[in-house]
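# Residue-level structure breakdown
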Amino acid sequence: MTGRFPILYVAEAGAQDAVLSSGVLAYLVEAMPMARFTVVGSPASAPLFAETPRLDRLIVLEKESRLDWIGLWNQVRATNWGLVVDMRGSALSGKLKRQKRAVRGEREPGVHAVELAARVLQLDEIPGPRLFVFEATRASVEALLPAGDGPLLAIGPGAAWMGRRWPAERYAKVALTLVGEGGPLAGGRVLVVGDETDRDAAHTIRLALPRRRTIELHGRLSPLQVVAAVGRSALYLGGDSLWTDLAVASGVPVVAAYGPSDEVERGPWGGVAVRGPRSVEEYRKIDPRLDQAIEHMNDLPAERVLKAARKALAERV
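One structure accompanies this document, and this report is about it. Counting of residues starts from 1 at the beginning of each chain's written sequence and follows it residue by residue. Side-chain atom pairs in this predicted model are given and counted only at pLDDT of 80 or more, local residue features only at pLDDT of at least 70, and totals for whole chains, interfaces and linings cover all residues. Excluded from the side-chain calculation are hydrogens and water; included are all heavy atoms of the structure.

## Some thoughts on the side chain of Thr52
For clarity, the threshold we go by: By the criteria applied, helices consist of DSSP H or I runs no shorter than four residues and strands consist of E runs no shorter than two, each listed in order from the N terminus. Distance and chemistry together define a polar contact, namely a pair of N or O atoms within 3.5 Å, with one atom able to donate a hydrogen and the other to accept it when in protein, and with adjacent residues in sequence counting only for side-chain atoms on both sides.
Tracing the backbone through its elements, the reader meets Thr52 in the loop between β2 (35-41) and β3 (55-60). Here Phe49 takes part through its backbone oxygen, which lies 2.9 Å from a polar atom of the side chain of Thr52.

What follows is the structure, given as structure tokens:
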């Protein structure tokens, strides 16, 4: 790294958290063209940064035991870092040789995670989530998309917890209106992303649409391939999920169905969060830890999401 400015970036362990903060690393990539990067992540978050420009090393911290941290220390201690950015607030970053250190602070109620990430570098302008994708990765996605005309509507119907999952039938209803005759995406196709557990939701969406108008790629794409695929669409619909955060990072307009989630702190940055009639506090009255097997999202009507989707499409630049 002689003559270069080495930067160590320690990403959050959670994939969603890491995507929300990713604009900080993207800012450094563009603002410091002489910098070289080493990124540390978990098995879930590290792959998000695999295609970062000028990446020297991508280190996967398998677990967070004392032995794992010692192993990481042995891998990074020899370098005199120009900058250490620690999104985990770990003790490790304070012990390394470095010129400067930037550490993420505690969560602040009412402040969005993206804004908190920008504060780590004391940035005046807040960089939104952004992930870098190789052209080869984009080409691999193109090879999976069947030939066809018309715009794409991307949908990520899944969520890690059933309480945040909007009914697939309502995604289907909104999609049919948008790509159907007279809709703003008339003649278009619907691209479904997610993991393999979203197959039933994808099946519901496919059955609601005309034949060969649905492209089911759930369970078939890496996170960076999802960014590439969704980035080709005119609009993305989803919920509070990794897929929605990846869509935000792709730069596509996003409309997200929210219920027992705080959109003020974790909503789609630059996108639209559509709520039902209840606040997060009202959900907590019946589900204090927000972890019970309850379908909380049933009170958000399709018409409300459709209205937001139409508006987002009309406002596209």
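Picking up where we left off.
## Brief notes about the pattern of salt bridges
Pairs can form between side chains of opposite charge once their charged atoms are near each other. Short version of the rule: The term salt bridge refers to a pairing of a side-chain nitrogen on Lys or Arg with a carboxyl oxygen on Asp or Glu at a separation within 4 Å. Categorising residues by exposure relies on relative accessible area from a 1.4 Å probe, with only protein chains included: less than 20% of the type maximum marks a residue as buried, more than 50% marks it as exposed, and the intermediate range marks it as partly exposed.
Scanning the entire structure with this criterion turns up 16 salt bridges. Across the pair Arg119 and Glu115 runs a salt bridge, and its minimum N-O distance is 3.3 Å. Here Arg119 and its partner Glu115 are both found in helix α4 (residues 113-120), 4 residues apart, which amounts to about one turn of the helix. A relative accessible area of 28% places Glu115 in the partly exposed class. Between Arg232 and Glu142 there is a salt bridge, with the nearest N and O atoms lying 2.5 Å from each other. On the criterion of sequence distance, the pair formed by Arg232 in the loop between α8 (223-230) and β9 (235-238) and Glu142 in helix α5 (residues 135-144) is long-range, its members being 90 residues apart. A residue is classified by how much of its surface remains accessible, and Arg232, at 39% relative accessible area, is partly exposed. With a relative accessible area of 39%, Glu142 lands in the partly exposed category. Each of Glu108, Glu115 and Arg119 takes part in salt bridges that share partners, so that together they form one network.

## Observations regarding the pairing of β2
Under the convention used in this document: Any two strands with at least two DSSP bridges between them are considered paired.
For β2, a buried count of 6 out of 7 residues is recorded, marking the element as mostly surrounded by other parts of the structure. Note that strand β1 (residues 5-10) and β2 share 6 bridges and pair parallel. Each bridged residue has a counterpart across the sheet, and for Ile7 the counterpart in β2 is Phe37. Alignment of β2 against β3, held across 5 bridges, turns out to be parallel. Directly across from Thr38, in β3, lies its bridge partner Arg57.

## A word on the packing of aromatic side chains
What counts, and what does not: What counts as a ring pair is set by centres within 6.5 Å for rings of Phe, Tyr and Trp (its six-membered ring), and what kind of pair is set by the plane angle: stacked under 30 degrees, edge-to-face over 60, tilted for all other angles.
What the rule picks out here adds up to 2 aromatic pairs. Centre to centre, the rings of Trp166 and Tyr171 are 4.9 Å apart; their planes meet at 85°, and the pair counts as edge-to-face. Pair check on accessibility: Trp166 and Tyr171 agree, each one buried.

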